[in-house]
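Summary of structural features
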Amino acid sequence: MTSPIQISPVVSDLSARERATYLTPTLSALADENRLTIVLSLADGAMTNKQLQEATGLSQALVSHHVAALRAAGLVEATPRGRSNLVSICCEQLAAPVQWLAHLATLTPEGQKACCSETTIPAASAVTDAD
């Protein structure tokens, strides 16, 4: 028998509307597929814009555009390194949304089961656009 997940509830004196207002900029920034691709690419470590271009297949202009949006949302930071910038994830900004979503996921028995089981991401051939 599986015991329920014990995730501490997120403590806040904010109303649901205020929490939504607080979380929306971060979640909105991550809702863009190109931005999420950049963040996921940075999960392995900091990269220059050129390395992000190679890792993501995006053009230089798109990488710069999306890195600027991620910086504005506080999700990444850029540190000067020679003639380029080293882009890295700001984990602190990701912490609150992850904590809230983890808490929400465990509010039902089904959610607790899902959190306890291993998740498999579909193979590239199984991922399709929803038309």
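Residues numbered from 1 in each chain as written. Predicted model: local features only at pLDDT ≥ 70, side-chain atom pairs only at ≥ 80, totals over all residues. Heavy atoms only, no water.

Notes on the overall build of the protein
Counting secondary structure elements, the protein contains six helices and three strands. From first element to last, N terminus to C terminus, the protein shows the α and β order α-α-β-α-α-β-β-α-α. Burial status across the protein gives 25% buried among its 131 residues. Pairs at least 24 apart in sequence give 53% of the contacts found in the protein among residues at least 6 apart. Element-wise, carbon and sulfur atoms account for 55% of the exposed surface of the protein, whose accessible area totals about 9200 Å². (Helix = DSSP H or I, 4+ residues; strand = E, 2+ residues; numbered from the N terminus. Buried < 20%, exposed > 50% of the residue type's maximum accessible area, 1.4 Å probe, protein only. Contact = heavy atoms within 4.5 Å. Areas by Shrake-Rupley, 256 points an atom, 1.4 Å probe, with all protein chains shown as cover.)

Focus: the packing of helix 2 (residues 33-42) against helix 3 (residues 49-56)
Across the interface, helix 2 lies against helix 3 with an axial gap of 10 Å and an inter-helix angle of 110°. Viewed along their axes, helix 2 and helix 3 adopt a mutual orientation that is roughly perpendicular. Residues Thr37, Ile38, Ser41 and Leu42 of helix 2 pack against Leu52, Ala55 and Thr56 of helix 3. (Axes fitted to C-alpha atoms, helices over the stretch in contact; angles between N-to-C directions. Parallel < 35°, antiparallel > 145°, perpendicular 65-115°, else oblique.)

Let's talk about the sheet that holds strand 2 (residues 76-81)
Strand order in this open sheet of three strands is 1-3-2, and the pairing throughout is antiparallel. Lying at the two open borders of the sheet, with one neighbouring strand each, are strand 1 (47-48) and strand 2. (Pairing = 2+ DSSP bridges.)

Considering the packing of helix 2 against helix 4 (residues 60-72)
Closest axis-to-axis distance for the helix 2/helix 4 pair is 10 Å, and the angle between their directions is 80°. In terms of orientation, helix 2 lies roughly perpendicular with respect to helix 4. Residues Asn34, Arg35, Ile38 and Val39 of helix 2 touch helix 4, and the partners they reach there are Val63, His65, His66, Val67, Ala69 and Leu70. Split into classes, the residues belonging to the contact of helix 2 with helix 4 amount to six nonpolar, three polar and one charged. (Nonpolar A, V, L, I, M, F, W, Y, C, P; charged D, E, K, R; others polar.)

A few points about the environment of leucine 36
Assignment of secondary structure puts leucine 36 in helix 2. Measuring from C-alpha to C-alpha, the distance between leucine 36 and leucine 70 comes to 9.4 Å, with 34 residues separating the pair along the chain.

Things to note about the side chain of threonine 48
For threonine 48, the location among the structural elements is in strand 1. For threonine 48, the residues in contact, after removing those within four places along its chain, are Arg81, Ser84, Asn85 and Leu86.

Topic: the confidence of the model for the protein
On average, the protein scores 82 in pLDDT, and the residues at 70 or more come to 76%. The low-confidence segment residues 1-5, where pLDDT is below 50, has seven contacts with residues more than four positions distant or belonging to other chains. (pLDDT = per-residue confidence, 0-100.)

Overview of the environment of threonine 56
By the element assignment, threonine 56 lies in helix 3. In the structure, threonine 56 is positioned 18 residues away from isoleucine 38 in sequence and 6.8 Å away in space, judged by C-alpha atoms. Residue contacts for threonine 56: discarding those within four places in its chain leaves Thr37, Ile38, Ser41 and Val63. Reaching out from threonine 56, the side chain makes a polar contact with the backbone oxygen of leucine 52 at a distance of 2.7 Å. (Polar contact = N/O pair within 3.5 Å; in protein donor to acceptor, adjacent residues only side chain to side chain.)

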